[in-house]
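Structural description and commentary
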Amino acid sequence: RTRLLAQATVFAVFPDGETRRLVSERGRRVLDGVRRLAEAQRQAVFLHYYEDLSIEETARRMGCSASSVKTHLLRARKKLRSWFDEHGEGMEQLL
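Sequence positions are assigned chain by chain, starting from 1 and proceeding in written order. Where local features are concerned, this predicted model is filtered to residues with pLDDT of at least 70; where side-chain atom pairs are given and counted, the filter is 80 or more; whole-chain, interface and lining totals use all residues. Note that the side-chain values use all heavy atoms of the structure and ignore hydrogens as well as water.

**Some remarks on the pattern of salt bridges**
Salt bridge, as used here: a side-chain nitrogen of Lys or Arg that lies within 4 Å of a carboxyl oxygen of Asp or Glu. Evaluated as defined, the whole model comprises four salt bridges. The salt bridge partner of Arg42 is Glu39, with a shortest N-O separation of 2.4 Å. You can see Arg42 and its partner Glu39 sitting in helix 3 (residues 39-50), three residues apart, about one turn around the helix. Two residues, Arg61 and Glu57, come together in a salt bridge whose shortest N-O distance is 3.6 Å. Placement of both Arg61 and Glu57 in helix 4 (residues 55-62) is noted, with a separation of four residues, approximately one turn of the helix. Beyond isolated ion pairs, a larger network of salt bridges with shared partners links Glu57, Arg60 and Arg61. Secondary structure follows DSSP: runs of H or I at least 4 residues long count as helices, runs of E at least 2 residues long count as strands, and numbering of each begins at the N terminus.

**Points about the nonpolar core**
Only buried residues count toward a nonpolar core, which is a set of Ala, Val, Leu, Ile, Met, Phe, Trp, Tyr and Cys residues joined through side-chain atoms within 4.5 Å. Exposure classes here rest on a 1.4 Å probe applied to the protein chains alone. A residue is buried below 20% of its type maximum, exposed above 50%, and partly exposed in between. Membership of the largest hydrophobic core comes to 16 residues, with the highest contact counts inside it found for Val34, Leu37, Val45, Val69 and Leu73. Here the element with the most residues in this core is helix 5 (residues 66-86); it accounts for six residues. When sequence neighbours within four positions are dropped, the list of residues in contact with Val45 reads Val34, Leu37, Tyr50, Leu73 and Ala76. Residue contacts are counted whenever heavy atoms from the two residues lie within 4.5 Å of one another.

**A few points about helix 5**
Helix span, as expected, comes to 1.5 Å for every residue beyond the first. Between the first and last C-alpha of helix 5 there are 30 Å, a value that for 21 residues agrees with the 30 Å anticipated at 1.5 Å per step. Taken together, the buried positions of helix 5 are Val69, His72, Leu73, Ala76, Leu80, Trp83 and Phe84. Taken down its axis, helix 5 places every buried residue within 95° of arc, on the same side. Projecting away from the buried face of helix 5 at angles above 90 degrees are the exposed residues Lys70, Lys78 and Glu86. Taking the helix axis as origin, the arc is that swept by the directions to the C-beta atoms.

**Some points on a positive patch on the surface**
A grouping of Arg75, Arg77, Lys78, Lys79 and Arg81 is seen on the molecular surface, where their side chains present a positively charged patch. For Lys79, the position within the fold is in helix 5. Exposure above 30% relative accessible area and no salt bridge define the residues that can form patches, which grow by joining like charges within 9 Å and nonpolar side chains of Val, Leu, Ile, Met, Phe, Trp and Tyr within 5 Å. Note that accessible areas follow from Shrake-Rupley with a 1.4 Å probe, and for residues the cover is restricted to the protein chains shown. We count Lys and Arg on the positive side and Asp and Glu on the negative side, and we leave His and both chain ends out. The atom standing in for a charge is NZ when the residue is Lys, CZ when it is Arg, CG when it is Asp and CD when it is Glu.

**Comments concerning a nonpolar patch on the surface**
On the surface, a nonpolar cluster with roughly 290 Å² of combined accessible area is contributed by Phe46, Tyr49 and Tyr50. Here Tyr50 is to be found in helix 3. What makes Tyr50 partly exposed here is its relative accessible area of 34%.

**Description of the packing of helix 3 against helix 4**
Lines fitted to C-alpha atoms define the axes here, with helix axes fitted over just the stretch in contact, and angles between the N-to-C directions of these axes take values from 0 to 180 degrees. Direction vectors running N to C along helix 3 and helix 4 enclose 135°, while the axes themselves pass 9 Å from each other. With respect to each other, helix 3 and helix 4 are oriented oblique. Handedness of the helix 3/helix 4 crossing: right-handed. Between helix 3, through Ala40, Gln43, Ala44, Leu47 and His48, and helix 4, the contact on the second element is made entirely by Ile55, Thr58, Arg61 and Met62. Note on angle classes: values under 35 degrees are labelled roughly parallel, values over 145 roughly antiparallel, values of 65 to 115 roughly perpendicular, and the remainder oblique. We call a crossing left-handed when the near helix sits turned anticlockwise from the far one by less than a right angle, and right-handed when that turn is clockwise.

**Focus on the side chain of Gln41**
The residue Gln41 is located in helix 3 in this model. What makes Gln41 buried here is its relative accessible area of 6%. In contact with Gln41, other than residues within four places in its own chain, are His72, Arg75, Ala76 and Lys79.

Okay, structure coming up:
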């Protein structure tokens, strides 16, 4: 469901085919990086960034404290940044 909503948003916001292709390609690379994260980090990233939940709501859904969610997100961002740097792409180019 989230993937379909994201695709619909991309098509609505970026009607130009070339721009859609670039956005989709970047999105795939970001998702590839997210898939490589530890389970708790992946879950925190998905709930907070993709489902747009607050830190507190993410913590409730995960059954942990808000500070744990913040730690998971911080570690996830560090791992993603490192992974993208190793593959010759800075995160700022992808986001």
